[in-house]
Amino acid sequence: MYELTQEERMILSMVDDLCVDVVAERAAAIDEEDEFPQDIYELFVEQGLFALAYGEEHGGVEVSMHCWVQVIERIARESPAVALMILISAIGSDALVFSGSAEQQRAILPALAAGEAKICFALTEPNAGSDISAISTTALPDGDGYTINGGKIFITNGAVGDWFTVFARVVDGQSKPSCFIVHRDTPGLVIGRKEDKMGLRGSVTSQLYFENMHVGPEAVVGEVGDGFAIAHHTLNRGRLAVAALATGVTAASLAA
């Protein structure tokens, strides 16, 4: 059985206090208003919770996966929408952490660890779900980069994200699923409507559209064609986090 370190136990105790004193008091209003809880986000930034997903070399705090998923589980007992803020920061940046270039990591990861920027994971499509082999979004080589066209659905934090990890098929004789990192201000990136969901209200979920969006070669994460391996790695980590979130909701339901 894995034993938490003393630092990890202190982190979990701090998270428990935040949940009791703040999140529990705000949870019903967050669900009712269905708006991104910026006040909770800023509180988590102050307490360094986003840093838990990143190593020290990226400005983060080294903790085990056991500790990180317990943080998500504890927050989810009060509000799964709030827990998703922690979850999506890690899932959205997973491609950069494990496959990004040194330049991409230096430019983006410290800001994510500090909570100065938000990131989204843009894979899901209407006719493909999260099956990267079936996505229809394309990235056509255009001489000095790529032109991306297509659309995504159910993108967590889409309306508030600063960076987007985007999966598209590079079509150049062959179809090569690939990963790109794109800033919100990139021309051609259109943030669609916010979904009115039955649950997870307060975690904003949006559509994305790419309309002749040009990106340079520096936007490619890893190598062209690495998209399947990158998505597979990210989704494996994501399944652990989603399981922790579901466990937290189940524990709260049982207690109620």
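Residues numbered from 1 in each chain as written. Predicted model: local features only at pLDDT ≥ 70, side-chain atom pairs only at ≥ 80, totals over all residues. Heavy atoms only, no water.

S.K.: What am I meant to see in a negative patch on the surface here?
M.R.: A cluster of acidic side chains, namely Glu-7, Glu-56, Glu-57 and Glu-62, defines a negative patch on the protein surface. The topology assignment puts Glu-7 in helix H1 (residues 6-33). (Patch = residues over 30% accessible without salt bridge, like charges linked within 9 Å, V, L, I, M, F, W, Y side chains within 5 Å. Areas by Shrake-Rupley, 256 points an atom, 1.4 Å probe, with all protein chains shown as cover. Salt bridge = Lys/Arg side-chain N within 4 Å of Asp/Glu carboxyl O. Lys, Arg positive; Asp, Glu negative; His and termini not counted. Charge placed at Lys NZ, Arg CZ, Asp CG, Glu CD. Helix = DSSP H or I, 4+ residues; strand = E, 2+ residues; numbered from the N terminus.)

S.K.: Where do I start with the pattern of salt bridges in this structure?
M.R.: Pairing is possible between side chains of opposite charge, provided their charged atoms come close. Counted by the stated rule, this structure contains 10 salt bridges. Salt-bridge contacts for Asp-16 lead to Arg-74; the nearest nitrogen and oxygen are separated by 2.6 Å. In this pair, Asp-16 is assigned in helix H1 and Arg-74 in helix H3 (residues 65-78), connecting sequence segments 58 residues apart. A relative accessible area of 30% places Asp-16 in the partly exposed class. The buried category is assigned to Arg-74, whose relative accessible area is 10%. Residue Arg-237 pairs with Asp-94 through a salt bridge whose shortest N-O separation is 3.3 Å. Of the two residues, Arg-237 is situated in helix H6 (residues 227-255) and Asp-94 in helix H4 (residues 80-99); the sequence distance between them amounts to 143 residues. (Buried < 20%, exposed > 50% of the residue type's maximum accessible area, 1.4 Å probe, protein only.)

S.K.: Would you explain the side chain of Gln-105 in this entry?
M.R.: One can find Gln-105 in helix H5 (residues 102-113). Residue class for Gln-105 comes out buried when judged on its relative accessible area of 16%. Not counting residues within four places of it along the chain, the set of residues in contact with Gln-105 comprises His-58, Leu-96, Val-97, Gly-100 and Pro-110. (Contact = heavy atoms within 4.5 Å.)

S.K.: How do you make sense of H1 when you look at a structure like this?
M.R.: Every α-helix carries 3.6 residues per turn, so stepping three or four residues along brings you back to the same face. Relative to the 40 Å expected for 28 residues at 1.5 Å per residue, H1 spans 38 Å between its end C-alpha atoms, a close match to the ideal helical length. Considering bend angle alone, the principal kink of H1 is centred on Val-23 and spans about 50 degrees. Every buried residue of H1 is accounted for by Glu-8, Ile-11, Leu-12, Val-15, Leu-18, Cys-19, Val-23, Ala-27 and Ile-30. Close packing links the buried residues of H1 with helix H2 (38-46), H3 and H4. Of the residues trailing H1, Asp-34 is marked for its positive phi of about 55 degrees. (Expected span 1.5 Å × (residues − 1). Bend = angle between axes of the 7 residues up to and from the residue.)

By themselves, these are just geometric observations and shouldn't be taken as functional.
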